[in-house]
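Fold and contact review
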Amino acid sequence: MDKIWWEQVTNAVQFIRKIVKSVLDEKHLAVELSRDIPWYDTMRDLTEDAIRRQSSERNLVSLQDSGEEPGKCVFEAFCNREKQSEYRPAVGYAGFLANCADIVLNHRIVWVSDLAKENYSAWIDFVSAYAAACKKARRSGGIFILELREQMALSAKKGVHMLSFQKEISHYDSIVFNMLAASSIKKSAISKEYLVELVSNIAGQDMELAAQCMKKHGEFLKEPYAILQRIAEQGCRSNGNPFENQFREEEVKKQIWKAQMKSIFPLVEEFRGHFVNKYKEQIERQLPISYAYGEEFSEADDVEVGTLYFMACNEKLHISSEDYHKLKMFREARNHLAHLCILSEEEMEAIFSVF
């Protein structure tokens with residue numbers, strides 16, 4: 001599932017490409033990630049592999065925020081003792097590092113992770129100052145990727161470009177992922193469309209939760225709420241964190257209803273169209289047909305399912321037993337949904353089997 005997201009969903013693929021392009025263009029980058037970004041390790045591996053394949057002059061290295069002043073952290077990581085002895089506080093770490101022609105930092109792309117929330121601004125300020133010092137010294141220097149794990153409403157800083165995962169990814173991307181994940185499931189196309197709609201409604205942009213629902217699709221279609229509870233109790237994310245038990249039964253039922261409305265109502269209309277065409281001559285002999293609240297049907301194509309069922313029950317339409325049961329099923333499904341009730345998986349499958 002991780003490869004489906006990061007290698008097949010267009011905006012997720014583009015997110016990685018934008019990181020790669022930025023650093024290859026020698027631009028420092030602050031990357032805002034969600035706390036539970038889907039399959040973080042896969043994203044890192046794919047990004048680093050792409051950088052290594054395309055960069056012959058620079059190696060990518062990881063650096064963890066130690067809690068120290070950012071400049072000092074970089075200084076100690078990339079300057080040996082002899083070089084450190086040349087440092088003078090009046091120059092500042094950014095200026096000193098930018099003017100060192102013989103340190104390995106000049107040939108590195110440094111991915112800084114595990115940034116403490118309180119250190120975000122300090123790191124961005126340091127990289128901005130370092131970029132300005134390198135420009136003044138007419139040296140490219142090292143390139144930094146700052147990984148920000150919480151949204152801080154940070155404004156762009158001169159010399160540091162911003163890239164936000166949340167802004168790059170939309171709800172449509174989650175639907176695309178669910179469609180791709182459902183493609184290999186052995187169910188009818190209509191059943192898979194409903195599954196995609198249901199998972200998209202419930203999981204939203206939580207792709208790892210969506211993946212869990214897809215893996216348990218058989219059970220999930222029967223008992224969505226029970227499976228969500230099991231995932232929260234027994235499952236965990238790729239980073240080892242548990243899934244939060246954030247699911248309220250009433251909200252889950254609401255999302256099931258919305259998915260069923262979107263899937264079933266077009267099928268009711270499609271069935272009605274086929275039914276009217278099949279029995280059009282009989283229906284036209286009954287026209288005009290009075291309906292509730294003084295409404296009147298003067299065209300066969302306008303007669304709705306409830307009226308067709310009433311006509312069949314009162315022998316105004318002579319139809320096959322099979323068509324009668326189908327008409328009754330679609331009428332009941334429409335009425336249930338119109339009254340905010342949800343259909344069982346068996347009822348859904350019975351409807352899907354007609355097409």
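Structural data are supplied above this passage.
Attention here is on the structure that accompanies the text. (Residues numbered from 1 in each chain as written. Predicted model: local features only at pLDDT ≥ 70, side-chain atom pairs only at ≥ 80, totals over all residues. Heavy atoms only, no water.)

Along the backbone of the chain there are 18 helices and 7 strands. Computed over its C-alpha atoms, the radius of gyration of the chain comes to 30 Å, more than 25% above the 20 Å expected for a compact globule of 355 residues. Taken along the three principal axes of its C-alpha coordinates, the chain extends 100 × 40 × 35 Å. Residue burial in the chain is summarised as follows: out of 355 residues, 47% are buried. (Helix = DSSP H or I, 4+ residues; strand = E, 2+ residues; numbered from the N terminus. Rg over C-alpha atoms; globule rule 2.2 N^0.38 Å. Buried < 20%, exposed > 50% of the residue type's maximum accessible area, 1.4 Å probe, protein only.)

A separate point is helix α10 (residues 189-203). Taking 1.5 Å as the rise per residue, α10 with 15 residues should run 21 Å; its terminal C-alpha atoms sit 21 Å apart, in good agreement. The element α10 is largely enclosed, with a buried count of 12 among its 15 residues. Along α10, the residues classified as buried are S191, K192, Y194, L195, V196, E197, L198, V199, S200, N201, I202 and A203. Looking at the packing, one finds that the buried side of α10 touches α9 (171-182), α11 (207-215), α12 (217-222), α13 (224-234), α14 (249-278) and α18 (345-352). Trailing α10 by a residue or two, G204 shows a phi angle of about 60 degrees, which is positive. (Expected span 1.5 Å × (residues − 1). Contact = heavy atoms within 4.5 Å.)

Quick look at the sheet that holds strand β2 (residues 59-64) now. Spatially, the 5 strands line up as an open sheet ordered β2-β3-β4-β1-β5, and their pairing is parallel. Because the sheet does not close on itself, it has two edges, and the strands there are β2 and β5 (160-164). Within this sheet the neighbouring strands show an average axis-to-axis angle of 20 degrees, counted without direction. Bridge count between strand β1 (residues 28-32) and strand β4 (residues 143-148): 4 bridges; the pairing is parallel. Counterpart to E32 in the pairing with β4 is L148. (Pairing = 2+ DSSP bridges. Axes fitted to C-alpha atoms, helices over the stretch in contact; angles between N-to-C directions.)

Here the focus is the packing of aromatic side chains. According to the stated counting rule, one finds 21 aromatic pairs in the structure shown. Ring geometry for F75 versus Y93: centroids 5.3 Å apart, planes at 50 degrees, classification tilted. Placement of F75 in helix α4 (residues 70-78) and of Y93 in helix α6 (residues 93-98) is noted, with a sequence separation of 18 residues between them. Each member of the aromatic cluster is reached from another via a ring pair, and the members are W5, W6, F15, W39, F165 and F177. One residue, R44, lies across the ring of W111, its end atom 4.0 Å from the ring centre. Lying across the ring of Y40, R149 places its NZ or CZ 4.4 Å from the centre. (Phe/Tyr/Trp six-rings, centres within 6.5 Å; stacked < 30°, edge-to-face > 60°. Lys NZ or Arg CZ within 6 Å of the ring centre and 35° of its normal.)

Summarising burial for β4: 6 of the 6 residues are buried, a large majority. Residues I143, I145 and E147 line one face of β4 and the alternating positions F144, L146 and L148 line the opposite face, and both faces are buried. With 4 bridges joining them, strand β3 (residues 108-113) and β4 adopt parallel strand pairing. Along β4, the bridge assignment pairs W111 with I145. Between the parallel pair β3 and β4, the chain is carried across by helix α7 (residues 120-137), and the sense of this crossover is right-handed. (Right-handed = clockwise from strand over helix to strand, strands pointing away.)

Before going further, it helps to examine the environment of E346. In this structure, E346 sits in helix α18. Separated by 280 residues in sequence, E346 and S66 have C-alpha atoms that sit 57 Å apart.

Along the chain, L287 connects to P288 via a cis peptide bond; the corresponding omega equals -10 degrees. Here P288 lies in the loop between α15 (280-285) and β6 (289-290). The residue E26 is not glycine, and still its phi comes out positive at about 60 degrees. Topologically, E26 is positioned in the loop between α2 (10-24) and β1. Although it is not a glycine, E315 adopts a positive phi angle of roughly 55 degrees. If you trace the backbone, E315 turns up in the loop between α16 (305-313) and α17 (321-338).

So, about the state of the cysteines. Throughout the structure, instances matching the rule amount to 0 disulfides. Sulfur of C73: no disulfide; nearest cysteine sulfur belongs to C79 and is 12 Å away. (Disulfide = S-S within 2.5 Å.)

Let us now look at the environment of G204. When you line up the elements, G204 lands in the loop between α10 and α11. Along the chain, G204 and A77 lie 127 residues apart, while their C-alpha atoms are 41 Å from each other. Beyond its immediate sequence surroundings of up to four residues, G204 is in contact with S174 and V199.

Following both chains from N to C, one finds α4 and α7 inclined at 65 degrees, their axes separated by 8 Å at the closest point. Between α4 and α7, the residues in contact are P70, G71, C73 and V74 and A122, W123 and F126, respectively. Per-class residue counts for the contact of α4 with α7 are 6 nonpolar, 1 polar and no charged. (Nonpolar A, V, L, I, M, F, W, Y, C, P; charged D, E, K, R; others polar.)

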